[in-house]
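Examination of the molecular architecture
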Amino acid sequence: MTNNAKIISINDLKSNDPSYLETIFSIANGHLGVRASNPVNISDTAGTIVNGFFEISEIVYGEKAFGYAKNNQTIVKLPDLRQIKICDGQQNVFHRSELKAESLDMNNGVLVSTYKLTNDLGKSVELTVKSALQQANNQVIGLRYEIKPIDYTGRIKIVKHLKAISDGEETDDPRKSRTVHTLTYEKHDVNSKSEIVKITTQISKMYLEMAIYTPAALEQKFELTDGKTINFDVIGLVGEINEPVEFTDMPTFEEVIKGSSEFWEEFWKNSEIKITGDDSLNQAIHYNLFQLTSSTGRDGKTNIPAKGLSGTGYEGHYFWDTEMYMSPFFAYTNPQIAQKLIKYRYSILEASKKRARELGVAKGALFAWRTINGQEASAYYPAGTAQYHIDADIAYAIDRYYKVTDDKQFLENYGFEIVLETARFWKNFGSFSEIHGKRKFCFFDVTGPDEYTAIVNNNYYTNRMAKFNMGFAVDLIDEFPEKARELGVTDQERNELANISESVYLPYDQIKGINQQDDSAFEKPIWPFDTTPKDNYPLLLHYHPLMIYRYQVNKQADTLLADFLFDDLSKEQYLREYDYYEKITTHDSSLSRSIFSAIAARIDLKTKAYDYFMDTVKTDLVDLQKNTADGLHVANLGGSWLTVVNGFGGLQVKDGLLTIDNHLPDEWKKLTLRLQYLGRLLQITYTNKTTQIEVLTGASIKIRVDGTVKMIQA
Ligand code: IFM
């Protein structure tokens with residue numbers, strides 16, 4: 001039975017801007033993404049995106065310096081798979097279109113878009129396009145075009161081909177993609193039923209084959225009569241990068257739908273989340289999880305682009321967003337995917353070791369701040385390479401995966417080496433200094449998560465995470481001694497890592513009684529919020545970075561993110577920090593509000609928790625950042641899950657025990673969620689008075705529930 005929380009339609013949305021709708025109704029399967037384009041009037045923003053398929057261009061600097069990132073990596077827009085041409089018997093094209101209805105069913109992954117099409121004679125037909133992607137064999141898309149008369153009956157001609165797509169215009173907005181003009185298209189007609197287009201990137205030297213196949217013919221004539229609907233089915237194939245497509249065992253449209261439905265049914269079984277008491281929030285969280293999963297590369301060779309596969313914003317790059325905002329959802333609901341995301345990092349470990357050397361660090365690995373192929377693609381090092389914290393973020397995600405799965409084999413074969421190489425980086429990158437009369441290990445000239453504060457000494461978040469990273473490496477050295485020897489760890493190195501981890505400096509302001517964002521944070525004047533016009537947000541589009549850097553102003557949660565992760569402050573300190581940092585945070589980054597909401601939930605700032613959550617969970621559905629047209633804010637999709645589960649649901653692994661604390665908002669009657677933990681499938685139900693846990697599959701388990709350790713029977 002269809003469940004309404006899992007259907008999103010145009011009536012649920014505030015905007016009907018075509019490029020915004022293209023993003024919202026985009027569908028993807030981790031390999032390919034298809035924007036919900038108007039099939040008869042292809043826009044500049046339409047097209048297909050393949051995860052990891054990018055072109056390279058040289059980064060042109062006015063003034064170069066040693067070690068700067070050399071090349072842009074830009075995800076390319078490929079032919080639009082939905083595009084079609086429909087004419088009447090006299091070749092009058094039905095080229096004017098009006099979107100009448102559109103809905104995405106998250107129960108089965110089927111997108112249905114209905115248009116009124118009109119030709120120059122003023123005659124109209126109705127076109128409904130049904131699109132769905134295979135999730136298991138993720139090269140396949142199924143399309144069904146249904147044509148009905150409105151006031152036109154007679155001969156109809158349908159022409160379906162794959163065509164190169166226009167690339168839009170260059171822009172100054174750093175969040176958008178640059179344009180690519182170096183693609184080569186070669187088209188082969190296999191026969192009247194199918195064609196293949198081979199697209200080659202001239203500089204990065206990758207190729208990709210896209211194909212379409214129809215059981216009838218790609219150019220066809222039909223007789224449209226009153227009361228009749230013409231169905232035209234097309235199966236599209238988008239091959240693996242650098243591999244040919246194969247036309248064997250082409251599925252029917254119905255088979256594609258069946259495969260897609262089975263995938264999503266299984267997905268919801270393991271990941272269900274239900275908010276009772278607010279239907280629109282319930283719908284929004286389902287949308288977020290659906291799109292997050294659709295965006296995620298699951299092959300160990302690709303990852304999650306910041307905009308998923310819904311748009312080309314941020315050029316299809318992978319950032320720390322994966323580890324800190326997106327992979328928690330997978331670790332707890334589908335650990336196989338979380339594992340694949342780590343495997344991708346493992347695949348770029350060698351490139352990261354090389355990068356550390358370029359930065360003058362003799363040992364260890366530094367992961368690129370933004371990348372597809374492992375090489376740094378950030379041309380702006382103050383808010384790019386200087387965000388060294390990405391190393392520790394990756395280590396943190398490995399720890400989370402380990403805590404939730406106890407997958408020792410994976411840790412030994414993959415995770416440990418990453419944790420060790422990142423720990424080695426910190427050890428060789430930082431240095432001892434005397435601080436307040438004590439010998440402390442410091443990190444100079446770094447940028448924390450907050451991109452409105454750059455190149456500072458001892459960013460609290462960075463230091464805290466580096467400390468954790470090195471401590472975790474020591475734990476793994478002790479747990480896997482043989483592997484440690486294989487990786488060249490000596491007793492001396494182990495002990496140095498342990499000692500440095502203990503000695504990392506964590507800035508704290510005694511007078512304010514709060515963790516201090518960095519050494520100079522509180523010396524700067526506070527940004528003139530009172531005199532900043534509303535239209536000047538986000539600040540990054542209106543002020544020179546150097547102007548922003550000389551004030552206390554945060555784009556996103558920074559120190560508070562560390563607090564959220566380590567959760568070891570007294571309530572009083574939490575409240576003081578929240579109060580301080582909230583006042584200077586603009587939330588110009590979509591990675592911010594989820595953390596503010598989750599912490600507020602934990603410390604019972606109920607109204608704030610709820611208000612921030614409303615914005616977080618609907619960021620794209622209400623176009624809060626006003627750039628959803630460029631693609632979904634995928635970190636925030638994951639962030640909204642973090643808020644519900646780790647914030648309102650108070651879920652964490654603490655001292656080896658799954659810990660659950662009920663912080664349900666008063667507005668909700670009930671919250672039910674499913675997750676996996678140490679091989680069990682659990683269902684947790686929160687009401688304002690009770691927290692109930694069921695083991696749906698697997699053995700009984702001890703869990704700390706609202707402060708009391710209980711054995712939950714299977
Ligand atoms: O990684 C983020 C960063 O934290 C804020 N700017 C956007 C990036 C991509 O989402």
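None of these values were measured; they are calculated from a predicted model.

Conventions we followed
- Residues numbered from 1 in each chain as written.
- Predicted model: local features only at pLDDT ≥ 70, side-chain atom pairs only at ≥ 80, totals over all residues.
- Heavy atoms only, no water.
- Helix = DSSP H or I, 4+ residues; strand = E, 2+ residues; numbered from the N terminus.
- Buried < 20%, exposed > 50% of the residue type's maximum accessible area, 1.4 Å probe, protein only.
- Contact = heavy atoms within 4.5 Å.
- Areas by Shrake-Rupley, 256 points an atom, 1.4 Å probe, with all protein chains shown as cover.
- Lys, Arg positive; Asp, Glu negative; His and termini not counted.
- Charge placed at Lys NZ, Arg CZ, Asp CG, Glu CD.
- Pairing = 2+ DSSP bridges.
- Near = heavy atom within 4 Å.
- Polar contact = N/O pair within 3.5 Å; in protein donor to acceptor, adjacent residues only side chain to side chain.
- Nonpolar A, V, L, I, M, F, W, Y, C, P; charged D, E, K, R; others polar.
- 1 Å grid on protein atoms, 1.4 Å probe; cavity = no way out; pocket = protein on both sides within 12 Å on 5 of 7 lines; lining within 4 Å.
- Points joined across faces, edges and corners; volume = space filled by probe spheres on them.
- UniProt positions renumbered as here; feature names shortened; annotations may be inferred.
- Core = buried A, V, L, I, M, F, W, Y, C linked by side-chain atoms within 4.5 Å.

Moving on: the overall build of the chain. If you tally the helices and strands in the chain, you get 17 helices and 28 strands. C-alpha atoms of the chain, sized along the principal axes, occupy 90 × 60 × 60 Å. Scored against the burial criterion, the 714 residues of the chain give a buried share of 62%. Across the chain, every contact between residues at least 6 apart in sequence was considered, and the portion connecting residues at least 24 apart equals 66%. When the accessible surface of the chain is totalled, it reaches about 27300 Å², and 47% of it is carbon and sulfur. Each charge sign in the chain was given a centre, from 79 positive and 96 negative side chains, and these centres are 2 Å apart.

This part covers the pairing of strand β24 (residues 670-677). As paired elements, strand β17 (residues 273-276) and β24 share 4 bridges and run antiparallel to each other. Its bridge partner lying in β24, Ile-275 is registered against Leu-671. Bridge count between β24 and strand β25 (residues 680-686): 7 bridges; the pairing is antiparallel. Residue pairing for β25: Tyr-677 is matched across the bridge by Arg-680. If you look at the hairpin formed by β24 and β25, you'll find 2 residues sitting between the two strands, and Leu-678 has a positive phi there, around 45 degrees.

A few words on the site of the ligand. In the region of the ligand, the neighbouring residues are Ala-306, Tyr-314, Phe-319, Trp-320, Asp-321, Trp-369, Glu-451, Lys-555, Gln-556, Ser-589 and Leu-591. In this structure, an oxygen atom belonging to the ligand sits 3.0 Å away from a side-chain N or O atom of Gln-556. Residues belonging to the shell around the ligand are distributed by class as follows: 6 nonpolar, 2 polar and 3 charged.

When its volume is computed, the second largest pocket comes out at roughly 780 Å³. Along the walls of the second largest pocket sit 31 residues, with Tyr-396, Asp-399, Lys-403, Leu-565 and Val-653 positioned nearest its centre. For the lining of the second largest pocket, the element with the highest residue contribution is helix α9 (residues 460-479), accounting for 8 residues. Considered class by class, the residues forming the lining of the second largest pocket number 14 nonpolar, 5 polar and 12 charged.

Bringing the UniProt feature "binding site: substrate" (unreviewed entry) in the chain into the picture now. UniProt's entry tags Trp-320, Asp-321, Lys-555 and Gln-556 with the feature "binding site: substrate" (unreviewed entry), counted in the numbering of this structure. For Trp-320, the location among the structural elements is in the loop between α3 (279-294) and α4 (321-333). Judged by relative accessible area, which is 2%, Trp-320 ranks as buried. If sequence neighbours within four positions are ignored, Trp-320 has contacts with Tyr-325, Arg-345, Trp-369, His-389, Ile-390, Asp-393, Pro-449, Tyr-461, Gln-556, Leu-561 and Leu-591. In this fold, Asp-321 is placed in helix α4. A distance of 3.5 Å separates the side chain of Asp-321 from the side chain of Trp-320, its partner in a polar contact.

Core analysis: the biggest nonpolar cluster contains 192 residues, and Leu-81, Ile-156, Trp-320 and Tyr-325 have the highest contact counts within it. Of the residues forming this core, the biggest block, 11 residues, is contributed by α9. Counting residues in hydrophobic clusters, the runner-up holds 12 residues, among them Ile-235, Phe-253, Val-256 and Ile-257.

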